[in-house]
Amino acid sequence: MEYSNPEIPEGINTSTQHPLKEFFLLMGGILGIVIAAVVVLTLLADRLAVYIPFELEMQLATRVTDGLPAVEVESPPIENYLNGLADKIAAAQELPPEMQITVHYVDDDLVNAFATLGGHLFMFRGLLEKLPHENAVAMVLAHEIAHIKHRHPIRSMGRGVIFGLAITMVSSTLGNAMTDQVLSNAGGLTVLKFTRDQETEADQTALNSLYQLYGHVEGADLLFEVLEQGNGGEQLQMPEFFSTHPLSENRINHIHAFQAEHAAAATADVALLPDEYAKWLIPAIEGETATSSTLKN
Amino acid sequence: MVDLIIFLVLLALGYGFGRYAELKHYKSIIQREKEFRDIPAVTTKFPPLTKPLSDVELVSGSVVISVDYFKNFIAGLRNLVGGRVTAYETLVDRARREAILRMKEEARAFGGHIIFNVKLETSSIHKGRKNGIGAVEVLAYGTVLIKQ
C-alpha cells in the first residue's frame, strides 16, 4: 500500500458556525421557554398554590420565622390553652393530618389575630382580653384555622412564591436564594392580605365547625362587635386586617342568618373560659416584648 | 442589576479575547502544519520496513488550553438542551493539533523523518467552579526514526 500524506481540509472536527449564532439561538430558546413557564405559572398561580404540599409551606414558614426572636422554651399557659382549643376545632374542620396548627400568643395591646404560612396563628392579647367566653375565642381560632384549611396564606403570597417554589423544585441551590428574595420582597408574613371572598369562606367554615363543636354558634358574632369597637375606639395600627375583611355588620348578619337556620341556637349556653384565663393575659412586666414589636412591622 | 452587568462584561471579555486567541492560534496551526508536512506522524506500531533501520527516539509534545468565560457559558446552555458542544470542539481540536506540532518540532530537532506509534492523551487538568471544565491538556507522543 502506498503511503500518502494529503492535506486535510479544515472543519472536520470543528464547526464552521459562528459561535455568536449558537449563543443567540440557545439564549433565545431557553429564555423563551423560561418566560413561557413564568407566564403560565403566574396566570395559574392562585389555582396552583393549593397543590403546594403543606410540608413545603411549613418549611417556607420556618425560613421566615427563623428571623423572629426565639420563642421561650416553656410556652405560656394561655398558649397551651389556645392550642388545645385549636386542636379541637381542627378536628371539627377535618383538617388533613399533615396540617399542623401552631398558635402563638402575642403580648401586645393590638386587637388582632392572624393566620400565616405553615399553619401559624398569632393571637394578640388585646383581642383575647375582650373576648368574654370560650365560644368567642373559638370563633377567632376557627376563623383563622379555616384560612389555613383553605390554604389562603400561601395563595395570598401570590405569584412570586409560586414562581420561587417552582424554581426550588427545579434547582435547589438557585431556588433557595430565589425564594428568600421573593419572601423578603413580599415583606414577610405579617402583611398577608386575604380577599373578601376568602374571609367569607373562612367565616362559613368557622361557623360550621363551631356548630359541630358546641351545637350552636352563640357568641360568634361577638368577635365582630369587638373588632368594630377596636376599630373605632383606638388608633388603628393594622389596617390590613380590617380593610380587607367584609364589613363587620354584614358578617354579624351572616352569623344571625346561620343561627336562624339552626334552631338550637337560641337556647344555647356559651362555654365558659378557664378561671385562670384573666391571669394568663397579664402583660409581661417589661411591657412590649421584642416579638410583638417585630410582628407589627 | 450589578450582577448582570458584571456577567455581561465577563461574557464580552471572554468572547473577545477567546475569539481573538482562537483565530490567531488556528492561523499559526495551519501555517506550521504546512511547515512540518515532511515529517509524517502515523499510528502504526512498527516502523515502516522499507526504510533502512535507524536510530529511534521518544518524542512528545503537550499543551494546555483554557476555556474562556463565553465558551463555558455556552457549554452550560448546551448542557440544558444537549447536542454538539461546538464551543469545546474547537478547543480540543486546537489542543490536539498543537500537541502534535510540538512533538514534530522535537522530532525535527532530532533530525527525524517519520514518527510512528503516535498516541494522544487528553485530560481536563483544572476543574473550575461547580466542576466545570477549566482547561484541557493534550499530550502527543511517539517514536521518531532518525536519519543516519
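The coordinates are above.
Everything in this summary refers to the structure shown in the same document. (Residues numbered from 1 in each chain as written. Chains lettered and ligands numbered in written order. Predicted model: local features only at pLDDT ≥ 70, side-chain atom pairs only at ≥ 80, totals over all residues. Heavy atoms only, no water.)

Things to note about the interface of chain B and chain A
Rules: Two residues form a contact once any of their heavy atoms are found within 4.5 Å. Salt bridges, as used here, are contacts in which a Lys or Arg side-chain nitrogen is within 4 Å of a carboxyl oxygen on Asp or Glu. Each polar contact in these results corresponds to two N or O atoms within 3.5 Å; when the atoms are within protein, one needs to be able to donate a hydrogen and the other to accept it, and residues that are neighboring in sequence are counted only if both atoms are side-chain atoms. Secondary structure elements are defined from DSSP: runs of H or I of at least 4 residues count as helices, runs of E of at least 2 residues count as strands, and each element is numbered from the N terminus. The nonpolar class holds Ala, Val, Leu, Ile, Met, Phe, Trp, Tyr, Cys and Pro. Asp, Glu, Lys and Arg form the charged class, and all remaining residues, Gly among them, are polar.
Taken together, the contact pairs 24 residues of chain B with 16 residues of chain A. Inspection of the region where chain B meets chain A yields two salt bridges. The partner of A:Glu22 in a salt bridge is B:Arg78, and the shortest N-O contact between them spans 3.0 Å. Our count for the chain B to chain A interface comes out at four residue pairs in polar contact (both at pLDDT 80 or more). Sorting the residues of the side of chain B that touches chain A by element identifies helix H1 (2-35), helix H2 (69-81) and helix H3 (86-110) of chain B as the ones contributing at least two each. In the side of chain B that touches chain A, the residues fall into 13 nonpolar, two polar and nine charged.

Thoughts on the environment of A:Leu227
Residue and element names in this part refer to chain A. To keep things clear, this is the line we draw: For every residue, the accessible area obtained with a 1.4 Å probe (protein chains only) is divided by the maximum for its type, and the residue is called buried under 20%, exposed over 50%, and partly exposed between those limits.
Residue position: Leu227 is located in helix H10 (residues 222-233). Overall, the relative accessible area of 3% leaves Leu227 in the buried class. Counting along the chain gives 100 residues from Leu227 to Leu127, while the straight-line C-alpha distance between them is 8.0 Å.

Points about the layout of surface pockets
Quick reminder of the rule: The distinction between a cavity and a pocket rests on a 1 Å grid over the protein atoms alone: a 1.4 Å probe fits inside a cavity but cannot get out, while a pocket stays open yet meets protein on both sides within 12 Å along at least five of seven lines, and a residue with an atom within 4 Å of a point counts as lining. Grid points are joined across faces, edges and corners, and a volume is the space filled by probe spheres set on the points.
Considered as a void within the structure, the second largest pocket measures approximately 810 Å³ in volume. A:Ile8, B:Glu33, B:Arg97, B:Ile100 and B:Lys104 are, among the 27 residues lining the second largest pocket, the residues nearest its centre. Counting residues per element, the ones that place at least two in the lining of the second largest pocket are H1, H3 and strand E2 (112-127) of chain B. Residues belonging to the lining of the second largest pocket are distributed by class as follows: 13 nonpolar, five polar and nine charged.

Quick look at the nonpolar core
Operational definition: Working definition of a nonpolar core: buried Ala, Val, Leu, Ile, Met, Phe, Trp, Tyr and Cys residues. They are joined through side-chain atoms within 4.5 Å.
Counting residues in each nonpolar core, the largest one holds 45 residues, and the members touching the most others are A:Leu82, A:Ile101, A:Leu127, A:Leu128, A:Val137, A:Met139 and A:Leu141. A total of nine residues in this core trace back to one element, the largest contributor, which is helix H5 (residues 134-149) of chain A. A:Leu141 has contacts with A:Leu82, A:Leu85, A:Ala86, A:Ile89, A:Val103, A:Leu121 and A:Met123, leaving out every residue within four places of it along the chain. Of all hydrophobic cores here, the second largest spans 22 residues; its members include B:Ile29, B:Ala75, B:Val138 and B:Ile146.

Here's the deal with the pattern of salt bridges
Residues and elements named next belong to chain B. Here the structure, examined in full by the defined rule, presents 14 salt bridges over all chains. We note a salt bridge from Arg94 to Glu22, for which the minimum N-O separation is 3.0 Å. Taken as a pair, Arg94 in helix H3 and Glu22 in helix H1 lie far apart in primary sequence, 72 residues in all. Taken individually, Arg94 and Glu22 each receive the classification buried, so the pair is uniform in this respect. The salt bridge involving Asp93 is made with Arg97; its shortest N-O contact spans 3.2 Å. Separated by four residues within a single helix, Asp93 and Arg97 lie in helix H3, roughly one turn from each other.

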